[in-house]
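# Survey of secondary and tertiary structure
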Amino acid sequence: MPFLTERLSLERLWFAFFSLFLFFSAIFCGYTRVTNLFHLAAISFLLLLWRRPLFRRNLVANSHLMTGLKLAALYLVYYALSNLWTAHPLNIESTLTHSIYLLTFLAMLVTVLNSRYRPVIYLAICCGFAALALFLMGVDHQNILTNRLMTLQSPGPDNVIDVGGYFAIGIILSLMVFRDTQRRIVLLLPLLLFIALLLTQSRGPAIALMLALVMTSHLGLFTRRNMLWFGAAVLVLGAFFAYSGLGGVMIARFEALAVQVYLRLSIWQHSLELIGAAPFFGYGFDHQLSFTNYSGEYITTTHSLYLGALLKGGLVGFITMLLLIGYGAKQALRCVREGRRLEASLFIFMLIFYVSQGMFNIGNPAEFWYLFWFPFAVVMTQNWPVRALFPKS
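Residues numbered from 1 in each chain as written. Predicted model: local features only at pLDDT ≥ 70, side-chain atom pairs only at ≥ 80, totals over all residues. Heavy atoms only, no water.

### Some remarks on the side chain of Ser202
Applicable threshold: Under the scheme used here, helices are H or I runs from DSSP no shorter than 4 residues and strands are E runs no shorter than 2 residues, and both carry numbers assigned from the N terminus. Side-chain atoms alone can form a polar contact between residues adjacent in sequence; in general such a contact is a pair of N or O atoms within 3.5 Å, and within protein one must be able to donate a hydrogen while the other accepts it.
Considering the arrangement of structural elements, one finds Ser202 in the loop between helix H10 (188–199) and helix H11 (203–215). For Ser202, the side chain forms a polar contact with the main-chain oxygen of Val160, separated by 3.4 Å.

Right, here's the structure in full:
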C-alpha cells in the first residue's frame, strides 16, 4: 500500500492531468474533454497549495511569477469590470471565472516549467502541434490550399492564421528542446512544422517567426558553416516547393500582401475613430466592430489585439496591457542575458503576431492560451542547467 500511495500522490496526479492538458490542447482546440483535464489539474494544484506548505512557500517565493501574476490580475480584473458599462453587465461573472482560470494556468505552467521536466513538457507540446500538422497535411491540405479555411473535422483552431501561429510556436519550442538535449532527431519537428506553416499560407505568423528569430539571434551564429547549412536548407525547400507547386501559391500570397495591408488599414482607421469617441474607458469587454469595409467584407474584430484592448477598455485598459507586456519584455531581456534567446524570441513572436490578430485573449481554454499567455509564462521561468532528456551513453 505505501508503494501504491506513492505512485498515486497528489503531485503525480497534478503533473499527469496538466501534462495531458498541455499535450491535447495543442491538438484539440476548445474541446470540452480537454478543458476538463484543465479543471482536474487546477483542482489538484489548489489542493497541493492547501496540503503542501513547502510547495506553497516555494510558489510564493518565486518573485518573477508573483509579479507577473499581480500584473496579469490587474489586467484581467479591469477587463472583467468593463462588463459593467456594456449592455450585458452580468457577464462579469463569466469573465472573472475565466480570469481565475488564466491566473491558475500561468501559476501551474511556470511551476511545471521550473522543474526538471521542462524539456519533456516542451517536447510533448511540440508533438501535439506535429500531430495537428500531420492531420492537416494528410486530411485537410486541399481545403487549406484552395480556400484557406479550417473544416469542421479539423481539431485545431478555426482560424488558419491561428493554426500558423501554433506551428510557429512549435518551431521555437522544438529548437529549445534541441538546444537542451542536443539530440539531432528533434530537428525533424521544426522541419515538419515549418512545412505545415507554409501550407497554411499565413504570412503573419511566418513574418513574425522570422523577425523574432533574427532579432534574438547571437552574432556568433552567423558563421560561414552555419550560413552554408542555411543556404543548403533553403535550396532543398525551394526545390520541394517548386516541384510540388506550392511555391507559386506562396508567391501569390505575398504578392497580395499590399491589398491586405490596405484592408487592415481601413479596419484600423475605423477602429481608431470609435476609440476616439470613448478614449478613457472604452466600450466594455463584449464590444465588437460592426461595419462593412470598402471590399464588401463584414468586419467584427479590430484585427489587432492592441486596438482591441483600446476599443474595449480605453486608455485605462491599454495601460494595464502595457504594464503586462512591459513586464514580459523585461523578463525576455533577462532571458537574453542568461543565454536563453529562444525564450525571448517566443515572447517577441507573440508581440508581433498580435499586431494583426484581433481576437481577444480572455476566455476559456482556446488558441490564445498558447498564442498569448504561454509565451508570457515561458519568459517568467527560471534559468537552470537543464538535464538531458535523452542521456548519452
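### Re the confidence of the model for the chain
Low-pLDDT portions of the prediction should not be read for the details of their coordinates. Which entries qualify depends on this criterion: Summary of the metric used: pLDDT quantifies the predictor's per-residue confidence within the range 0 to 100. Contacts are residue-level and defined by heavy atoms, with any inter-residue pair within 4.5 Å sufficient.
In this model, the chain carries a mean pLDDT of 86, and residues with pLDDT of at least 70 account for 82%. Confidence drops under pLDDT 50 across residues 1–6; counting only partners more than four residues distant or on other chains, this segment forms one contact. Ignoring residues within four places in sequence, the model shows residues 386–393, a span with pLDDT below 50, making 13 contacts including any to other chains.

### Notes on the packing of aromatic side chains
Let me state the cut-off plainly: Between rings of Phe, Tyr and Trp, where Trp is taken as its six-membered ring, a pair exists when centres lie within 6.5 Å; planes separated by under 30 degrees are stacked, by over 60 edge-to-face, and by other angles tilted. The buried label goes to any residue with under 20% of its type's maximum accessible area, the exposed label to any with over 50%, and the partly exposed label to all in between, with areas taken from a 1.4 Å probe on protein chains only. A ring is considered to have a charge above it if a Lys NZ or an Arg CZ atom is located within 6 Å of its centre and within 35 degrees of its normal.
If you walk through the whole model with that rule in mind, you get 33 aromatic pairs. For the ring pair Trp85 and Phe281, a centre distance of 6.1 Å and an interplane angle of 70° mean the geometry is edge-to-face. Taken together, the residues Trp85 in the loop between helix H5 (63–81) and helix H6 (92–113) and Phe281 in the loop between helix H14 (257–277) and strand S1 (291–292) connect sequence positions 196 residues apart. Judged by relative accessible area, Phe281 falls into the partly exposed class, the value being 48%. Relative to Trp369, the ring of Phe105 has its centre 4.8 Å away and its plane inclined at 45°; by these criteria the two rings are tilted. With Phe105 in helix H6 and Trp369 in helix H17 (residues 367–378), the pair connects residues that are 264 residues apart, well separated along the chain. Taking NZ or CZ as reference, Arg51 lies 5.8 Å from the ring centre of Trp50, over its face. Lying across the ring of Phe360, Lys312 places its NZ or CZ 5.5 Å from the centre.

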